[in-house]
Amino acid sequence: MRRDIFQAIADPTRRAIIVLLALQAMTPNAIADNFNTTRQAVSKHLRILTECEIVKQEQKGREIFYSLEIDKMKEIDMWLEQFRKVWETQFNQLDNLLSTIKKQKK
Amino acid sequence: MNNLQFDFTVDKSTNSVFITREFDAELPLVWDAFTKPEILDQWWAPKPLTSKTKTMDFKVGGRRFYAMVLPDGQEHWGIQDFTSISPKTNLKWVASFTDKDENINTELPSSNWDLNFSEQAGKTKVSIAIKHKTFANIEMLIQMGFKEGFTMTLNFLEELLTKKIN
């Protein structure tokens, strides 16, 4: 099955894992401690994130640490940022317009 | 920068884009900004594009037929077919791309829009859900938006390249 970056961010738990890993590399147990779901469920999300190449595993001593693949994150950012920017521009225009209309009414 | 809420998320599992934005204005005014063509045209297109509403019949079963106009005068036409209107609360439409004669372009994706409006302490929150048939359609729109936003630059680049090749 083909995995891509959008599949990685499609799920709220996976998005939360990405946010956690943005701060620091973590072991699967440490990640799971942040969620109310089972460790198996978290492992499954980590597996998908790994397959999407958005996180990578690193063996440190006896433990495995997960960390973010920053370049992949940038790829998502680039896509979404374009879309977000368009909306941001539109809404800023509306902000200005609303404030002008409000002033005219006073 | 202001401190008004702005959330933007894309959910691949439901082929949806969710946008929430707060405005520092009372609900009736914000509602008008989304539903009156003379106000819509002043903000609907991200600069340097402009929005030009040709016709708008704001009722269920009615339609807004408008163009996004590029700085070089090129026009991209589209429609919003209003499917549900609960004044100052909720608004739904189906958006499609058309040609200048209002014929729907079936090669470009249609999308279902669902907008919720609510006011709290003088601020109005608008939550927009845009649902597409496939996720590929969202990717296509992002690419189109990207393309249009940079049309001027690209045209310029193209000109330069043509000159170099010839």
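Sequence order as written defines the numbering, with residues in each chain counted from 1. For naming, the first written chain is A and the first written ligand is 1, with later ones following in the order written. Given that this is a predicted model, residues contribute local features only at a pLDDT of at least 70 and side-chain atom pairs are listed and counted only at 80 or more, while totals for whole chains, interfaces and linings are drawn from all residues.

### Let's talk about the overall build of chain A
Just so we agree on the cut-off: Counting from the N terminus, the helices are the DSSP runs of H or I reaching at least four residues and the strands are the DSSP runs of E reaching at least two. Counts of 20 or more other C-beta atoms within 10 Å of a residue's own C-beta define buried residues, counts of 12 or fewer define exposed ones, and intermediate counts define partly exposed ones; C-beta atoms are placed from the backbone. The contact criterion used is a C-beta to C-beta distance within 7 Å, with each C-beta placed from the backbone.
For chain A, the helix and strand inventory stands at five helices and two strands. Listed by position from the N terminus, the elements making up chain A come as α-α-α-α-β-β-α. Looking at chain A as a whole, 20% of its 106 residues are labelled buried. Partitioning the intrachain contacts of chain A with sequence separation of at least 6 by distance along the chain shows that 56% fall at a separation of at least 24.

### Things to note about the environment of B:Ser13
Residues and elements named next belong to chain B. Position of Ser13 among the secondary structure elements: in the loop between β1 (6-11) and β2 (16-23). Exposure remark for Ser13: the 11 C-beta atoms within 10 Å place this residue in the exposed category. On a C-alpha basis, the gap between Ser13 and Phe135 in space is 8.3 Å, while along the polypeptide they are 122 residues apart.

### A look at the interface of chain A and chain B
Every contact between the two is made by 21 residues of chain A and, on the other side, 24 residues of chain B. Put simply, the parts of the chain that give the side of chain A that touches chain B at least two residues each are α1 (5-8) and α5 (70-105) of chain A. It is α5(A) that contributes the most residues to the side of chain A that touches chain B, 18 residues altogether.

### Thoughts on the pairing of strand β6 (residues 90-98) of chain B
Residues and elements named next belong to chain B. Stated formally: For two strands to be treated as a pair, DSSP must find no fewer than two bridges joining them.
Where strand β5 (residues 75-86) meets β6, nine bridges bridge the pair, whose relative direction is antiparallel. In the sheet register, Ser86 faces β6, and the bridge partner there is Asn90. What sits between the antiparallel neighbours β5 and β6 is a turn of three residues, in which Lys88 has the positive phi angle 60 degrees. Bridging between β6 and strand β7 (residues 111-120) involves six bridges; their strand directions are antiparallel. By the bridge assignment, Asn90 is partnered in β7 with Asn116.

### With respect to the sheet that holds strand β4 (residues 63-69) of chain B
Residue and element names in this part refer to chain B. The test is simple: Helix axes are fitted only over the stretch in contact, all axes being lines through C-alpha atoms; the angle between N-to-C directions runs from 0 to 180 degrees.
Strand order in the open sheet formed by eight strands is β1-β2-β8-β7-β6-β5-β4-β3, with antiparallel pairing between adjacent strands. Every other strand in the sheet has two partners, leaving β1 and β3 (50-56) as the edge strands with one partner each. Put simply, the sheet's adjacent strands are angled 20 degrees from each other on average, direction ignored. Pairing of β4 with β5 involves seven bridges; the strand directions are antiparallel. Within β5, the residue paired with Tyr66 across the bridge is Gly78. Its contacts with the sheet put helix α1 (residues 27-35) on β2, β6, β7 and β8 (123-132), and the angle it makes with β7 is roughly 160 degrees.

### So, the packing of helix α2 (residues 12-23) of chain A against helix α4 (residues 39-51) of chain A
Residue and element names in this part refer to chain A. Applicable threshold: For classification purposes, an angle smaller than 35 degrees is called roughly parallel, one larger than 145 roughly antiparallel, one from 65 to 115 roughly perpendicular, and anything else oblique. Gly counts as polar in this scheme, as do all residues outside two lists: the nonpolar Ala, Val, Leu, Ile, Met, Phe, Trp, Tyr, Cys and Pro, and the charged Asp, Glu, Lys and Arg.
Contact geometry for α2 and α4: axes closest at 10 Å, N-to-C directions at 75 degrees. Taken together, the axis directions place α2 and α4 in an arrangement best described as roughly perpendicular. In contact with Thr13, Arg14 and Ile17 of α2, α4 contributes His45, Ile48 and Leu49. A per-class count over the contact of α2 with α4 returns three nonpolar, two polar and one charged.

### Some points on α2(A)
All names here are of chain A. Formally: Given the number of residues in a helix, its expected span is that number minus one, multiplied by 1.5 Å. In this context, the arc is that of the directions from the helix axis out to the C-beta atoms.
The terminal C-alpha atoms of α2 lie 17 Å apart, and with 12 residues this matches the ideal 16 Å at 1.5 Å per residue to within 8%. All buried positions along α2 are accounted for by Arg14, Ile17 and Leu21. For α2, the angular spread of buried residues about the axis comes to 55 degrees, placing them on one side. Exposed and oriented more than 90 degrees from the buried face of α2 are Pro12, Val19, Ala22 and Leu23.

### As for the confidence of the model for chain B
All names here are of chain B. The condition is simple: How sure the predictor is of each residue is captured by pLDDT, a score from 0 to 100.
In this model, chain B carries a mean pLDDT of 82, and residues with pLDDT of at least 70 account for 83%. Ignoring residues within four places in sequence, the model shows residues 149-166, a span with pLDDT below 50, making three contacts including any to other chains. Reported confidences for the modelled complex are a pTM of 0.65 and an ipTM of 0.74.

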